[in-house]
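What follows is each chain in one-letter form.
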Amino acid sequence: VLAEVDGKAAQSSMRFNLLNYETYGESYDPIRILESVRKYINDLKIHPNDVVLISSTVELLEPLNEALNLTEKTKVTFEDSAEIDALPHAVREDPESLKDEIDRIRRRKKSFFTQNSGLIKLSTIHSFKGLESQTVFCILAPGDDAEMVYTGITRAQSNLVVFDTSSSKYRSFF
């Protein structure tokens, strides 16, 4: 989808108050991303209720959530390390049981994931499909396909900031 679209023509149809594209280098740097997210929130005086951080993978969101939780509460659609640690040892050691428990936790969290929680939200792009937020920070993973990128960026209503690797094939689009 995106690879076949002329980036400048597609951008002109996107109506955002803020549209930025930032690279996080060749390796994922959650601290750098979080510093940037906090700067946008503070500089633009964005209410936490109007913010969502999304990515195609939980692995990119977990360190952001852990860092955010040092200073504020968040709402997530995925399991955190404390929930995994609380599972019985036998469940954690059996890959099939662990997958089943993680799926159960995610279903429960998604059903209680409300858009008007007053908190910064973190979600996978897949779990946030069909939802929107005033401000979306979309963190692209190296293997994301065009459909995933499109789904992620179309979740934003007013402000969109995309974080991507410096060698991404989507760089010219933004």
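Residues numbered from 1 in each chain as written. Predicted model: local features only at pLDDT ≥ 70, side-chain atom pairs only at ≥ 80, totals over all residues. Heavy atoms only, no water.

(A) Structural detail: the nonpolar core. Counting 25 residues, the largest nonpolar core has Leu53, Leu122, Phe137, Ile139 and Phe163 as the members making the most contacts within it. At the level of secondary structure, the elements contributing two or more residues to this core comprise helix H2 (30-44), strand S2 (51-55), helix H3 (58-68), strand S4 (120-124), strand S5 (133-139) and strand S6 (156-164). In terms of residues, this core owes the most to one element, H3, which gives 6 residues. Aside from chain neighbours lying at most four places away, what touches Phe163 is Glu22, Tyr24, Ile33, Ser36, Val37, Phe137, Cys138, Ile139 and Leu140. Listed in part, the 17 residues of the second largest apolar core include Ile54, Val136, Leu160 and Val162. (Core = buried A, V, L, I, M, F, W, Y, C linked by side-chain atoms within 4.5 Å. Buried < 20%, exposed > 50% of the residue type's maximum accessible area, 1.4 Å probe, protein only. Helix = DSSP H or I, 4+ residues; strand = E, 2+ residues; numbered from the N terminus. Contact = heavy atoms within 4.5 Å.)

(B) Quick peek at H2. Here H2 is 15 residues long and its end C-alpha atoms lie 21 Å apart, about the 21 Å a rise of 1.5 Å per residue gives. Inspection of H2 places Pro30, Ile33, Leu34, Ser36, Val37, Tyr40 and Ile41 among the buried residues, and these make up the whole buried set. Relative to the axis of H2, the buried residues are bounded by an arc of 160° and lie together on one face. For H2, the exposed residues set more than 90 degrees away from the buried face come down to Glu35, Lys39 and Asn42. Its buried side turned inward, H2 meets strand S1 (18-23), S2, H3, S4, S5 and S6. (Expected span 1.5 Å × (residues − 1). Arc of directions from axis to C-beta.)

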